[in-house]
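Spelled out from the first residue to the last, the chains are:
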Amino acid sequence: MKFRPMMIVPLAVTLGFFGLAAVQLSRTEDARSIGVDTAALPSTREGRVAPHLDLTALDDTPLLTRADLEGNGLIILNFFASWCPPCRAEHPTLTALAEAGNPLFGVNYRDQLGQARAFLSELGNPYDRIGRDEEARNGRDWGVVAMPETFFINSEGVVVLHFRGPITDRVLRNQILPALDDAGHTLMLSQ
């Protein structure tokens, strides 16, 4: 077999790719070592008025509308789905927040009706109002990229905090409450 210089090109491209990946990985690890959350995406909604909601009803639960997002104090709007394991993990914390008296609204995201019913039947329905976003139109408007996502909205309908990921008790105490406190808001907690 005769050596041709073009045979080196695939090897050079592969080595170049792995070299760039190694540099990016080391930068990510350096950022993590100083406390930067490199997985966090900036929210397109924080500090802005909450967008429109066009949801469908989930059986006989009160339908969530855009009007519900104003004049109710600090409210919690949670995008969830039955197919989302982290949604199941955060459910006890959300239930405790609702039981403590915090207005909690839900958007069932890209879910089948029967599975949404089963999820809420099994775990309980902590939501004051709920709506279904079967085709993710509302999720796109809100900037939802992963499940679960939770928005904290003030009385004027402005998003004061957007949190991606499951809200566990630890996350609530170490991240959510301090961030809300910095923004001048508090949540009621169970004793």
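Preceding this paragraph is the structure being described.
Novice: When you look at the overall build of the protein in this model, what are you seeing that I'm missing?
Specialist: Within the protein one finds five helices and five strands. Starting at the N terminus and ending at the C terminus, the protein contains elements arranged as α-β-α-β-α-β-α-β-β-α. A total of 191 residues make up the protein; the buried ones form 41% of that total. In the form shown here, the protein has an accessible surface area of approximately 10900 Å², with 56% of it arising from carbon and sulfur atoms.

Novice: It is not clear to me how a nonpolar patch on the surface should be interpreted in this structure. Could you clarify?
Specialist: A grouping of F3, M7 and I8 is seen on the molecular surface, where their side chains present a nonpolar patch of about 310 Å² in accessible area. Residue position: I8 is located in helix α1 (residues 8–33). When its relative accessible area of 42% is taken as the criterion, I8 is described as partly exposed.

Novice: Explain the state of the cysteines here, please?
Specialist: In protein chemistry, a disulfide is the covalent bond that joins the sulfur atoms of two cysteines. Within this structure, the stated rule accounts for one disulfide. Two residues share a disulfide in this structure: C84 and C87, whose sulfurs sit 2.4 Å from each other. Its torsion about the S-S bond being 85°, the disulfide of C84 and C87 is classed as right-handed. Here the two residues C84 and C87 agree in accessibility, since each one is buried.

Novice: Explanation requested: the nonpolar core in the structure shown.
Specialist: Soluble, globular proteins show a tendency: their nonpolar side chains are buried together. One finds L77, W142, F152, I176 and L187 to be the most contacted residues of the largest nonpolar core, which totals 45 residues. If we skip the residues at most four places from it in the chain, L77 touches L64, F105, G106, V107, W142, E149, T150, F151 and I153.

Novice: Where do I start with the pairing of strand β2 (residues 104–109) in this structure?
Specialist: Consecutive side chains along a regular strand alternate between the two faces of the sheet. Taking burial as the measure, the six residues of β2 include six buried ones, the bulk of the element. Both strand β1 (residues 75–80) and β2 contribute to a ladder of five bridges, which runs parallel. In the strand pairing of β2, F80 is matched with N108. Handedness of the crossover joining β1 and β2 through helix α2 (residues 85–99) is recorded here as right-handed. Summarising the sheet, β2 and strand β3 (residues 129–133) pair through five bridges and their orientation is parallel. Across the sheet, residue G106 finds its bridge partner in β3, namely I130. Handedness of the crossover is the feature at issue here: the chain leaves β2, passes through helix α3 (residues 113–123), returns alongside β3, and the resulting connection is right-handed.

Novice: What should I look at first to understand the environment of A89 in this one?
Specialist: Structurally, A89 can be placed in helix α2. Separated by 59 residues in the primary sequence, A89 and P148 have C-alpha atoms spaced 10.0 Å apart.

Novice: Mind showing me how you'd approach the packing of α2 against α3 here?
Specialist: Between two packed helices, what matters for the description is the angle formed by their axes and the separation of those axes. Interaxial distance between α2 and α3 falls to 11 Å at its minimum, and their mutual angle equals 35°. Once α2 is placed against α3, the crossing between them reads as right-handed. Listed contacts from α3 to C87, R88 and H91 of α2 are F119, L120, E122 and L123. Partitioning the contact of α2 with α3 into residue classes produces four nonpolar, one polar and two charged.

Novice: What exactly am I supposed to notice about the packing of aromatic side chains here?
Specialist: For any two aromatic rings, the description comes down to two numbers: the centre-to-centre distance and the angle of the planes. Under the criterion given, the structure shown has six aromatic pairs. Each ring, one from F80 and one from F119, has its centre 5.7 Å from the other, and the planes form 25°; the classification is stacked. Taken together, the residues F80 in strand β1 and F119 in helix α3 connect sequence positions 39 residues apart. Owing to a relative accessible area of 1%, F80 belongs among the buried residues under this scheme. Here a set of aromatic residues connected by ring pairs shows up, and it is made of F79, Y109, W142 and F151.

The rules behind the values
- Residues numbered from 1 in each chain as written.
- Predicted model: local features only at pLDDT ≥ 70, side-chain atom pairs only at ≥ 80, totals over all residues.
- Heavy atoms only, no water.
- Helix = DSSP H or I, 4+ residues; strand = E, 2+ residues; numbered from the N terminus.
- Buried < 20%, exposed > 50% of the residue type's maximum accessible area, 1.4 Å probe, protein only.
- Areas by Shrake-Rupley, 256 points an atom, 1.4 Å probe, with all protein chains shown as cover.
- Patch = residues over 30% accessible without salt bridge, like charges linked within 9 Å, V, L, I, M, F, W, Y side chains within 5 Å.
- Salt bridge = Lys/Arg side-chain N within 4 Å of Asp/Glu carboxyl O.
- Disulfide = S-S within 2.5 Å.
- Core = buried A, V, L, I, M, F, W, Y, C linked by side-chain atoms within 4.5 Å.
- Contact = heavy atoms within 4.5 Å.
- Pairing = 2+ DSSP bridges.
- Right-handed = clockwise from strand over helix to strand, strands pointing away.
- Axes fitted to C-alpha atoms, helices over the stretch in contact; angles between N-to-C directions.
- Left-handed = near helix turned anticlockwise from the far one by under 90°.
- Nonpolar A, V, L, I, M, F, W, Y, C, P; charged D, E, K, R; others polar.
- Phe/Tyr/Trp six-rings, centres within 6.5 Å; stacked < 30°, edge-to-face > 60°.

All quantities given are derived from atomic positions and should not be read as evidence of function.
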